[in-house]
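# A structural walkthrough
What follows is the residue order along each chain.
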Amino acid sequence: MLCRATAVDYLKNGNGRAVHEIGPGNFKFATAFVDAVKPSIDDLVYNAHDFSDSAFTHAQDRLSPYNGRIKFNRTSLSEFPNAVTDDSLYIVAVEVLDDTTTEFY
C-alpha cells in the first residue's frame, strides 16, 4: 500500500516531526500513515491542507482517535507556500497527483 511505503520512506529519510498533505480527500492516507509511523515517532504531527473543510467535517468521528496527531488546515494550494514555514518540509500530494492524472487523461 502506498501509505505504508511512504511511511517507511519518511522513517528512513524524513527530517523533523511534521508531514504536510495537500488535498487529504477522505483522510484514509493520513490515518494509515500515522498508524504506520506512530510506533517510531510519538510526536509526529500530520497536517492536512485543503481549500474546503467539507471532507474534514465528514471525517471528524473517524479522526477523533488521532486528535492532535492529524491537524486540518483550510489552506488553498496557492496559499500553501506562504502558510507552511517548516524548515524541513515533507509533503504528501497523493490526491493532487490523482486529480492531475485524471484531468490529463
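Residues numbered from 1 in each chain as written. Predicted model: local features only at pLDDT ≥ 70, side-chain atom pairs only at ≥ 80, totals over all residues. Heavy atoms only, no water.

## Some thoughts on the pairing of strand 1 (residues 18–22)
Most of strand 1 sits out of view: five of its five residues are buried. Here strand 1 shows no split at all, with Ala18, His20 and Ile22 on one side and Val19 and Glu21 on the other all buried. Here strand 1 pairs with strand 2 (residues 45–50) via five bridges, running parallel. Across the sheet, residue isoleucine 22 finds its bridge partner in strand 2, namely histidine 49. (Buried < 20%, exposed > 50% of the residue type's maximum accessible area, 1.4 Å probe, protein only. Helix = DSSP H or I, 4+ residues; strand = E, 2+ residues; numbered from the N terminus. Pairing = 2+ DSSP bridges.)

## Topic: the side chain of arginine 69
Note on placement: arginine 69 falls in the loop between helix 3 (54–63) and strand 3 (70–74). Salt bridges are absent for the buried arginine 69, whose nearest opposite-charge side chain, aspartate 42, sits at 4.8 Å. When near neighbours in sequence (up to four residues on either side) are disregarded, arginine 69 contacts Val34, Lys38, Ile41, Asp42, Asp43, Leu44, Val45 and Tyr46. (Lys, Arg positive; Asp, Glu negative; His and termini not counted. Salt bridge = Lys/Arg side-chain N within 4 Å of Asp/Glu carboxyl O. Contact = heavy atoms within 4.5 Å.)

## Some thoughts on the sheet that holds strand 2
In spatial order, the strands read 3-2-1-4; together these four strands make up an open sheet with parallel pairing. At either end of the open sheet lies a strand with only one pairing partner, and these are strand 3 and strand 4 (91–92). Relative to strand 2, helix 2 (residues 28–37) is tilted by about 170°, and along the sheet it contacts strand 1, strand 2, strand 3 and strand 4. (Axes fitted to C-alpha atoms, helices over the stretch in contact; angles between N-to-C directions.)

## Concerning the environment of isoleucine 41
Residue placement: isoleucine 41 occurs in the loop between helix 2 and strand 2. By relative accessible area, which is 9% here, isoleucine 41 ends up buried. Separated by 30 residues in the primary sequence, isoleucine 41 and leucine 11 have C-alpha atoms spaced 8.4 Å apart. With residues near it in sequence (within four places) discarded, isoleucine 41 still touches Tyr10, Leu11, Arg17 and Arg69.

## Remarks on the nonpolar core
With 21 residues, the main nonpolar core has Tyr10, Val19, Phe27, Phe33, Leu44, Tyr46 and Ile70 as its most contacted residues. Broken down by secondary-structure element, the contributors of at least two residues to this core are helix 1 (2–13), helix 2, strand 2, helix 3 and strand 3. Per-element accounting of this core gives the leading share, five residues, to helix 2. Excluding residues within four positions of it along the chain, phenylalanine 27 makes contact with Ala48, Ala55, Phe56, Ala59, Arg62, Leu63, Ile70 and Phe72. (Core = buried A, V, L, I, M, F, W, Y, C linked by side-chain atoms within 4.5 Å.)

## Considerations on the confidence of the model for the protein chain
A low pLDDT score tells you not to read the predicted coordinates there in detail. Per-chain confidence: the protein chain averages 82 in pLDDT, with 87% of residues scoring 70 or above. Every residue in residues 99–105 scores below 50 in pLDDT, and together they form zero contacts with partners more than four places removed in sequence or on other chains. (pLDDT = per-residue confidence, 0-100.)

## Considering unusual backbone geometry
We note that phenylalanine 27 has phi near 70°; this positive angle belongs to a residue other than glycine. On the secondary structure map, phenylalanine 27 appears in the loop between strand 1 and helix 2. For phenylalanine 27, a relative accessible area of 0% corresponds to the buried category.

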